[in-house]
Amino acid sequence: MIPMVNLKAQYAEIKDEIEQGLAETIEKCAFILGPNVQAFEQEAAQYLGLKHAIGVASGTDALHLALIAEGIEADDEVITTAFTFIATAEAIKYVGAKPVFVDIDPKTFNISPAAIEQAITPLTKAVMPVHLFGQPAEMAAIARICSRHNLKLIEDCCQSFGASINGKQTGAIGDAAGFSFFPSKNLGAFGDGGLVVTNSDESAAKIKKLRNHGSDVRYYHDVIGYNSRLDEMQAVVLRVKLKRIDQYNQARRRAAHLYSQLLADLPLTTPFEDGLGEHVYHQYTILSDRRDELLKALQAKQIGCAVYYPVPLHRQNVFKQECAGLRLPATEAVAANCLSLPVCPFLEDHLIREIAGVIREVLTV
Ligand SMILES: *Cc1c(COP(=O)(O)O)cnc(C)c1O
């Protein structure tokens, strides 16, 4: 059996350090907003090259609080992609705004800057690109559009910790960004967790207050907030993994490049890299018009693989009424043909060869 991500192998390597940190926290009983959350926030801000990083309860909450802090309100329009996890659009809905789904570039799977420009109306207040699968979106073009039209730029970095473009980390380009530490993400905790980042002192202060019941001073409340703090125990785990994130991301890139080399001559599309930055391969996703056959063959060999994402958001039950008549041809074509293969820092070369062999067998008979 080959899992999509081998979290057990990762744990084996960092077990002692994590267990010591967890034991100290239990000993001290400092469970909420303790020293590890504070230290992790500083270390993450420094790693990403940002002034502020605020730990929250999940990636979904990170996006939600970022939208509130940037002033996105009821009836505003937020332009985003339909080829993403539902949470991107949920966060937009939580503030009462309307997600306006536009098409992707089928090469990168990321939101198309030209499509953003065409969708702008007087109600548009923000753009939320997703750095899908760890591939940075076209941030130079998107940032230009946002500044020309005076729109907020809020990055969904839930799959892109450590990815960079034009020398900048994802998350360090927009007005604010949200990261997720869901266990299977490329920087994953042992449960839920998230992070909002921003260079704005004002936004950071709002987010700190919002995550903690609208309060800066205990039992004094200025606004209606949320219970959305990064857990201290998760911060212990994240500090240990953050130290190794470059090494992990490099190992993912190495695995991805070996796949691409082994699959190069087959009738399928391997991931595209634009050379402007570092794709961190949160997922390694191919396109094939025989996707379902490949999926079956891999599953029969107990090789983990998955379709991210089978149904784009504008076709989901929850959105299909408000998106009736919306056609996103590139998004729909990619959703019909995409297949994500196992990728993680602990995937050995011989397993990559085995997986590529199964794919070759299907496509060459
Ligand atoms: C995982 C993910 C989220 C949500 O993160 P959670 O921590 O699970 O709330 C949001 N957007 C994208 C693109 C994601 O992959």
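Residues numbered from 1 in each chain as written. Predicted model: local features only at pLDDT ≥ 70, side-chain atom pairs only at ≥ 80, totals over all residues. Heavy atoms only, no water.

The name an unreviewed UniProt entry assigns to the protein is Pleiotropic regulatory protein, from the organism Candidatus Methylobacter favarea. In its Sequence similarities (unreviewed entry) section, the UniProt entry covering the protein states "Belongs to the DegT/DnrJ/EryC1 family." (UniProt positions renumbered as here; feature names shortened; annotations may be inferred.)

Engineer: So what's going on with the nonpolar core? Which residues, and what values?
Structural biologist: Core analysis: the biggest nonpolar cluster contains 72 residues, and F83, L263 and I359 have the highest contact counts within it. Tallying contributions element by element places helix 13 (residues 349-363) first for this core, with 8 residues. Here this core spans two domains, since at least three of its residues come from each of domain 1 (7-103 + 110-242) and domain 2 (245-363). The contacts of I359, once residues within four sequence positions are left out, are L263, L266, L268, I286, L294, L298 and L341. Of all hydrophobic cores here, the second largest spans 23 residues; its members include L63, A97, A204 and I207. (Core = buried A, V, L, I, M, F, W, Y, C linked by side-chain atoms within 4.5 Å. Buried < 20%, exposed > 50% of the residue type's maximum accessible area, 1.4 Å probe, protein only. Helix = DSSP H or I, 4+ residues; strand = E, 2+ residues; numbered from the N terminus. Domains from an automatic or database assignment. Contact = heavy atoms within 4.5 Å.)

Engineer: Describe the UniProt feature "modified residue: N6-(pyridoxal phosphate)lysine" (unreviewed entry) in the protein, listing the residues and the values that go with them.
Structural biologist: As annotated in UniProt, the feature "modified residue: N6-(pyridoxal phosphate)lysine" (unreviewed entry) corresponds to K185 in the numbering used here. By secondary structure assignment, the location of K185 is in the loop between strand 8 (176-180) and strand 9 (194-198). Relative accessible area serves as the criterion here: at 16%, K185 is assigned to the buried category.

Engineer: Describe the sheet that holds strand 6 (residues 164-165), listing the residues and the values that go with them.
Structural biologist: Taking strand neighbours across the sheet as the criterion, the 3 strands line up as 7-6-12 in an open arrangement whose pairing is antiparallel. Since the sheet does not close on itself, it has two edges, and those belong to strand 7 (168-169) and strand 12 (277-278), each with one partner. As judged from the 2 bridges shared by strand 6 and strand 12, these two strands associate in the antiparallel manner. By the bridge assignment, I165 is partnered in strand 12 with G277. (Pairing = 2+ DSSP bridges.)

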